[in-house]
Amino acid sequence: MAKDDATIGNSVAELEEIVRDCKKKPHNFALLKAKEGVVLKAHPLKSCDVMFRAAKDAGGLPAISMTGTMTASGKTLEMTVTTDEFPANLPKLAKKHFMSMKLPLKVVVILPNGQRIEDSDDDGNVEVTEGNEVAVAETVAEAAQTQDDPDAARKAALANRIKAIVPQLRDAAARALPGVDKLSKAVQTAATEMANAGLDRAEKLIEAVEAGLRQLAGGGNNSGENEAGLREKLVQEFSVMGGDLRTLLQGADKAVTGKVTSLIGMFKAEIERDLKKSGQILSLLRNMATSELAKAQPGDTGVQPPTAPPPPQGNDNAGGPPQGDGLAGPEGDGAGDGNIFKKIKETVKGVFGGKKTEDTVEGGGGIVGDVMSLVDKISQAVKDGLGKAAEFVKDNAKLLAIAGDYPEAALAAQAALQDFDETLGGDIEITPEVLAKASEDTGAAKTLLSDAQQALEDANAMRKGGKRNKAVKAAQKAIADAQAALSKAQAYEKAAKGKKVIEDAITTGPLSPNAPKKFSGGGALEIIKGASRDPDLTATALESVRTGDHHEAVAGNLGKMIDLKDAGFTDGTSTMSEEYSAKYADQLLKMGGSVGPEYFDRIDGYMATGRQFGDDPTGEAGSGSFGELEQRRTMSVGKAMVKDDGSVDVDSDEAKGAIGDALFNPDVLSNPRPALSSHMLKTVGFLKDPANATKAGDILKGVPEPTDPNAQSLVRRATGKGDTDAVDKDDVRNSVMASMLKPLDQGPVGSCFSTAPTRRMRETDPLGAMGAYAQIAGTGKYKPPFGPEVAVVTNTPPGDDPVMRSWEYSLATSTAQRATSSTKASLGSANNAGLTTLSDAIKTKNLSGNSGLPPEEQKKKQEEEDKKAALRLTKLKGDVAAAFSFIYDPMDEVKDSNDGSSDRGRYILKLLSPEKEIRKKEDFIEAMTTVALASLGIDKDAPEAATVKDHVKSDAFINAVTQVFGAAKDDEYLPWELGSGGQTTEATQALHGATLSQTQMTAGAGKPPPDEPTRTKDLLAGFMTGMTGKTDDMITLRTVGMHGFNALPNHPSLDKLKGDTQTKRDKAMEDNLLKPGRDLRDTKVPVDKAVEMFMKELQPWLDGAKTPELKKAYTDGIAAHKPTAPVTPAELTAAVKAASKDANKIRGDKDAADWKKGKTDKGEVVSDTDFDKRKVEEAAAYEKVLTDKLTQRMMTDLGAPEFVIADTNWGSGADHRFFVIAPDPNTGDPVMWQKIVPPGSLIKVTRDWIDAEWAKID
Amino acid sequence: MTDGIPQVVLGVDDASQSVVIVEGDTEVGSLAALVAAAPGLLHPDAATSMARAVAHFASGTDYRVITDPAGYEASYRAQVAGEDPGAAWKAGVYRLRDHGMPDFAGITAPAYQGTRLVFFAYSAPIPLPYRVEVDVGDAGVTLGPDIFRAVSLTPFPPSGATPSPNPQFVGATGVPVTPTDAERAARKAKPALVVEDVGDDDAPEE
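Described in the following lines is the structure provided in the data block. Here the structure is a predicted model, which means the values were calculated and not measured.

## Topic: the overall build of chain A
Moving on, step 1. From N to C terminus, chain A includes 46 helices and 19 strands.
Moving on, step 2. When burial is assessed residue by residue, chain A has 49% of its 1258 residues classed as buried.
Moving on, step 3. Within chain A, counting contacts between residues at least 6 apart in sequence, those at least 24 apart form 69% of the total.

Printed below as a string of structure tokens:
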């Protein structure tokens, strides 16, 4: 197989190998002219595009190239080209080059229609076709130099003139000016003459063409437009001569330089006054340059790459920088800014040269050549004075606007846009209609090609003979024609899309000056280059960049993704179709944008394995739910990572292959789970550390054979085995690893109070979580570090990971036991305090008549009685403790008397015998009395029972119980109304530390609550104070009565809000949240950006409008309210509201009518009032959808500062949600949002979240 | 020997610590002191009294000793029978079916195996069974909650029900896509058509 290493040129060995391989089977090839000879790249599988780039990387010049398929036979290379339009001299150049390498090879070119073009030995026989005149002329000129041709300079000058003529001819042709055909043929003839050493004839022809062009530009009328056009052409011709003139001024004698300088001055003076005269002066200049340069020895002066001389400006340079002779280069000594441009050029050289992805810098042509030319133009515009500079700036405003951040990208964009315009036939506006038409044309061309291919297939299947031969040839011809048409259509569409992508990116998109995310210079450049190569994929990249967190990784890997796509994601054996490659690349790029750099890093290795062509490698086909799918996916990876002895190896081929399957396989990407992929890679990264791998291996090696029925049940379901299938410890290990590879979210089900602490452990102590999984799957029991052991819960939801869910649910049971115990302890303390007050009654009731006894006996009896009473009390306390238990009612609601807020879930005291729930004070008194009398052995109706009864209901007893933890109202303990709350605190204690306790950070908002911005600030202030000095990555939080989740005290976004004193924190909040919020509110969004955002919201609704009335409402609204000047965010929101108002009403009315019909059909009556109300509500709902999305877009695109305060627990393999505080761009006020990652969208939380009491458990 | 079994009463002292009152007049606060004060508790017939005392010292009233295995079984089965077999797990609701069914044959009344006391207990808020094995002859034995070891259970078939959906969940809830064979086949590039032997237009038909 031929090499495809990106080396400069070809080695003899490589060429020999190519020839040898091409004798065995056809190769796709690219043949490019190089500075010296040619570069040939060929490969049996990789596409021509890939070969083209490889050849370009190896020093080939893209402007002179041909591609197609190649075979070799003997000493003949047969190159079947993809288009008729190939540089006719290139095969000959190749032959010469091969010969120079002692490889005598004949090159035969076969056109798409089957015509064979064989090279002759006549070096002068060069075919010139339309479009390759410049290449031929340049080749001739270059060949002249390398052969020490005395006419070298003249040939170079002629080549330059042809180069200047061709774009003018194209322009004239585009405008269908009369006679342009003849002029085109004359240029072709001139190029042929040049190739055949007919320089005089060539020059005359060129002069004639130039004159003809001037005439065409004059157009027989004196309109200002034509005059301007002619002036521009003369200036262009003058510019083309720049290199020659500079050479002359640097190397010729004084007499010549004097004349040249004088002529330049004259030209500059006349260009604004007399075009005819200017043309004559130009002709003189040209002749002088040609003849003078011809006198010089080739190589002494050489012909420099063309650089632009000063555009003639007349007197416009007044007040501008020093002019010098007007011909100094961009680094010229006259310009104070010369070094800037030199630096830019150096940067460009570095970027392009270093990566070898484009032309060499000095090679001319291609992007780099254009970039260099642009640098010269900028430099010169500055030198020539403010007027010209201003004009240049105006023409290139968008590019220059980004040049500050991305100079090289700006220059590359300029070059790319020029290329696009050339393909598009001018600087056309890329409207949706243009894109639609281009897409339609490409589609039609594809259909044609497909039909032709089918025709060939049919013809090929015919019985052999003349009819078949004829049909085959006709079909081949049809294919060639269709391919040519398709190439043309695709090139046009690509240019249109590329132009749109670049313009959008630099005007309003991620590369625009105000874009919130900044790229490295290289990243920005990669996006521009991507837009030139594959605008569709680049558009995907830009959307990913806009909302995602990995913009630099996306930009940096865009080129690689395009390379892979162009190569059909080949493994060297199989290749994907062009259509699927595009789709697959898009899926991979989106996923990479969500997951991050490591995703991209692994792609190459995976594609080399060929596993991308495997079907369902993860065994997830047919999954009935996403939970099941994720279980199967992670199980396939988990198995591959665990070795037979239980040790963990994430770098084995098996593991890498399975990881790759789960990340990249096309079947897997049919159901993308970016959050799962992110978590998987994070876990793999963790286990890559040898210390972690060893500890993980120890855990897995330590799992027992699963003999416990509950463990067996969980492991069977985790591994997908049948209800009675045998399971062993390998299955346990695989199940544990599969659980480790999944993010632990509350998911569609679950319980926040146990999810919060388990997620916290999984995120901050992965090995602790692994130990829990191993315990559950291996033993069927689970004992949290600070809670009682329980037989695990096996009733887990279908499809979900049974081991992971069992951890959450089993923790809940253990927590309940633990909480029951601690609640009992509290009750015990309270009851004991109360019962102690009974001691006197217990002691004294049997001492009646004691006073009549002698003192010693009295004392002895008193002591005995005290002892008995003490024992009775001890027994009583024990009996009371045993008499009560608790039930937990998760739905029981308790109101906070302080602020009126409510909380759900609490323990309820229960008397065990007879069973009774204690929900009132009277219930408690009655139960305590009953237990006390029974313990003391007193009949409830006996006279002495009265003492006990009276005491239990006395204030002394009740106060002793209720004030056991303090006399303050907040400390009150009511056994009949136990404290409320979910079990987040207890669950956190069970898992993370028995001594952790709940502390309020921000009290509930109370009634009436403060306004939302004030409350949000208070909440954030309380949060930041509560998190001050915390080093944990997560701290469990409660919005009391609502939810348990985890704070992220060390999220990088919070760094700006931190401070060790309240004053510092207040200032940090003002500087980094409140003030930026106000600035955002007051910002004037540039009109381009405002229109883009306005249309992005409304266009989809317009496109989706099904009735003419609705369509008209949108169209009219858009026309009436589209921004025409910079607007604030609130003004933009108002514009969107106004533009959609009528349409929303139409939609609202219809929905309300549907609603009414539904009600009426059910026999219900809808009043007019309700109907009208419904209409308004429905319309408002549509408006809200629009404005919410707009707000989100403004936050993302205008760069609202976001502070991620907490992880909600909510998520799935697809995404995860965070609590974020960020300013609303409409008001500038801080607002709390849920942020969904990916894609990074924001949803405002409801008011109850910020009004709740926020507490931490640490 | 029933007559000779020391009388013990479980109590709580002024410091809220678990104590045992022996024969109505001696209060002890540890297993060693209890054995010293009432060695008769080591008699096989005293196993239940000893088990109660051990459980009391170890965890107060968190676990209750199963003295009547048949009664416990009946109670357990009754509770299971009252639970909906089709119900999903629910936060804050503690159901025996979520955990499973014990092998009741293995749950016995307190008994001695030499000096080792073996008994079963159940927890709150749900009466899951626990097994305890303590060498009461070992003066250094430590009694704490960890002596209660969960008994293995046999799971009920999962209910198959999905718990109440979390209203905040926004992940995909539909059915995953499985690519068809045709879709998979269409991913690969078609091999180029091999056209051979294209001769003259007037060649005779074979």
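Don't stop here, the text continues.
## Things to note about the interface of chain B and chain A
Moving on, step 1. Facing 73 residues of chain B, the contacting portion of chain A comprises 84 residues.
Moving on, step 2. Counting residues per element, the ones that place at least two in the side of chain B that touches chain A are β1 (8-12), β2 (18-22), α4 (96-99), β9 (149-150), β10 (153-154) and α5 (181-187) of chain B.
Moving on, step 3. A total of four residues in the side of chain B that touches chain A trace back to one element, the largest contributor, which is β1 of chain B.
Moving on, step 4. Residues that form the side of chain B that touches chain A fall into these classes: 36 nonpolar, 20 polar and 17 charged.

## Examining the nonpolar core
Moving on, step 1. One finds Tyr773 of chain A together with Val54 and Ala121 of chain B to be the most contacted residues of the largest nonpolar core, which totals 284 residues.
Moving on, step 2. Per-element tally for this core: the top contributor is helix α33 (residues 802-836) of chain A, with 10 residues.
Moving on, step 3. With near-sequence residues (within four places) excluded, Val54 of chain B lies in contact with Leu31, Leu117, Val132, Val134, Val136 and Leu143 of chain B.
Moving on, step 4. Ranked by size, the runner-up nonpolar core spans 38 residues in total, among them Ala164, Val166, Val209 and Phe267 of chain A.

## Regarding the sheet that holds strand β3 (residues 26-28) of chain B
Moving on, step 1. Taken together, the three strands give an open sheet; going across it, the order is β1-β2-β3 (chain B), and neighbouring strands pair in antiparallel fashion. With one partner strand each, in any of the chains shown, β1 and β3 of chain B form the two edges of the open sheet. On average, each strand axis in the sheet is tilted by 30° relative to the strand beside it, whichever way the strands run.
Moving on, step 2. The pairing of β2 of chain B with β3 of chain B spans three bridges and is classified as antiparallel. Residue pairing in the sheet places Val20 of chain B in a bridge with Val28 of chain B of β3 of chain B.
Moving on, step 3. Across the sheet, helix α35 (residues 855-883) of chain A lies against β1, β2 and β3 of chain B, angled at about 80° from β1 of chain B, the strand it touches most.

## Details of the packing of helix α18 (residues 466-507) of chain A against helix α19 (residues 521-533) of chain A
Residues and elements named next belong to chain A.
Moving on, step 1. At a minimum axis distance of 8 Å, the contact between α18 and α19 shows a crossing angle of 160°. The angle between α18 and α19 places the two elements in the roughly antiparallel class. Where α18 crosses over α19, the two elements pack in a sense that is right-handed. Residues Gly498, Val501, Ile502 and Ala505 of α18 touch α19, and the partners they reach there are Ile527, Ile528, Ala531 and Ser532.
Moving on, step 2. Residue classes in the contact of α18 with α19 are distributed as six nonpolar, two polar and no charged.

Conventions we followed
Each chain carries its own residue numbering, running from 1 in the direction its sequence is written. Written order decides the labels, with chains lettered from A and ligands numbered from 1. Only residues with pLDDT of 70 or above have their local features reported here, since the model is predicted, and side-chain atom pairs are shown and tallied only from 80 upward, although totals for entire chains, interfaces and linings are computed over all residues. Working definition: helices are DSSP H or I runs of at least four residues, strands are E runs of at least two. Numbering for both runs from the N terminus. Three exposure classes are used, based on other C-beta atoms lying within 10 Å of a residue's own C-beta, which is placed from the backbone: buried for 20 or more, exposed for 12 or fewer, and partly exposed in between. Contact between two residues is assigned whenever their backbone-derived C-beta positions fall within 7 Å. For this classification, Asp, Glu, Lys and Arg are treated as charged, while Ala, Val, Leu, Ile, Met, Phe, Trp, Tyr, Cys and Pro are nonpolar and the rest, including Gly, are polar. Put simply, a nonpolar core is a cluster of buried Ala, Val, Leu, Ile, Met, Phe, Trp, Tyr and Cys residues tied together by C-beta atoms within 7 Å. Paired strands, in this sense, are two strands between which DSSP finds at least two bridges. Here an angle of 0 to 180 degrees is reported between the N-to-C directions of two axes, which are lines fitted to C-alpha atoms, with helices fitted over the stretch in contact. Roughly parallel refers to an angle under 35 degrees, roughly antiparallel to one over 145, roughly perpendicular to one between 65 and 115, and oblique to any angle outside these ranges. Handedness of a crossing is defined here by the sense of rotation of the near helix relative to the far one, left-handed for an anticlockwise turn of less than a right angle and right-handed for a clockwise turn.

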